[in-house]
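Residue-level structure breakdown
These are the residues of each chain, in order.
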Amino acid sequence: QRGNIQSVGYEEDLSGLEVTKIPFNKGLRVYLLSDGMQDQFGGSNLKKYSSKRIVDSLEKHKDMPFDEECEYVVTEFLLWKDVTQQVDDICFFAFELFSGS
């Protein structure tokens with residue numbers, strides 16, 4: 001499910017935030033990340049990492065145990081970024097649900 005695009009970093013009034021309820025099953029993996037990861041430059045051509053590359057990495061490693069998958073995705077990113085200066089804050093937060101309907 002795609003969220004709405006609204007900054008929360010400097011907003012005092014968050015009443016305009018949209019609430020979305022998502023039904024889930026046991027084992028659902030949830031990934032939340034800032035745009036800093038996709039906007040980071042790196043690689044041999046100094047291009048942006050891109051949201052497609054993040055999704056592809058998650059998809060490629062989805063059969064791994066959850067903690068290994070997350071480590072692999074972050075390691076891939078860091079290896080790609082290499083010594084390129086970080087251009088924005090980067091937050092990658094993931095969790096797996098153990099109960100549900």
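The text that follows walks through the structure, step by step, so that each part is easy to find. (Residues numbered from 1 in each chain as written. Predicted model: local features only at pLDDT ≥ 70, side-chain atom pairs only at ≥ 80, totals over all residues. Heavy atoms only, no water.)

Each helix and strand in the protein was counted, giving three helices and four strands. Taken from the N to the C terminus, the helices and strands of the protein come in the order β-α-β-β-α-α-β. Among the 101 residues that make up the protein, the fraction classed as buried is 20%. For the protein, the share of sequence-separated contacts (at least 6 apart) that also reach a separation of at least 24 residues comes to 68%. (Helix = DSSP H or I, 4+ residues; strand = E, 2+ residues; numbered from the N terminus. Buried < 20%, exposed > 50% of the residue type's maximum accessible area, 1.4 Å probe, protein only. Contact = heavy atoms within 4.5 Å.)

Let us now look at the packing of helix α2 (residues 51-60) against helix α3 (residues 66-81). Working note: a packed helix pair is described by the angle between its axes plus the distance between those axes. Axis separation between α2 and α3 bottoms out at 9 Å; the angle between their running directions is 140°. Here α2 lies oblique to α3, going by the angle between them. Between α2 and α3 lies a crossing of right-handed hand. Here Arg53, Ser57, Leu58 and Lys60 of α2 come into contact with α3, specifically with Glu69, Val73, Glu76 and Trp80. Grouping the amino acids of the contact of α2 with α3 by side-chain chemistry returns three nonpolar, one polar and four charged. (Axes fitted to C-alpha atoms, helices over the stretch in contact; angles between N-to-C directions. Parallel < 35°, antiparallel > 145°, perpendicular 65-115°, else oblique. Left-handed = near helix turned anticlockwise from the far one by under 90°. Nonpolar A, V, L, I, M, F, W, Y, C, P; charged D, E, K, R; others polar.)

Right, let's get into α2. Among the residues of α2, those classed as buried are Ile54, Ser57 and Leu58. Relative to the axis of α2, the buried residues are bounded by an arc of 95° and lie together on one face. Within α2, the exposed residues directed more than 90 degrees away from the buried face are Lys52, Val55 and Lys60. Summarising the contacts, the buried residues of α2 are in contact with β1 (29-33), α1 (35-38), α3 and β4 (92-96). (Arc of directions from axis to C-beta.)

The final tally for this structure, using the stated rule, is six salt bridges. One salt bridge connects Lys48 with Asp39, and the closest N-O pair in it is separated by 3.9 Å. Among the residues examined, Lys48 registers a relative accessible area of 41% and is labelled partly exposed. In this structure, Lys62 and Glu59 form a salt bridge, with 2.6 Å as the shortest nitrogen-oxygen distance. (Salt bridge = Lys/Arg side-chain N within 4 Å of Asp/Glu carboxyl O.)

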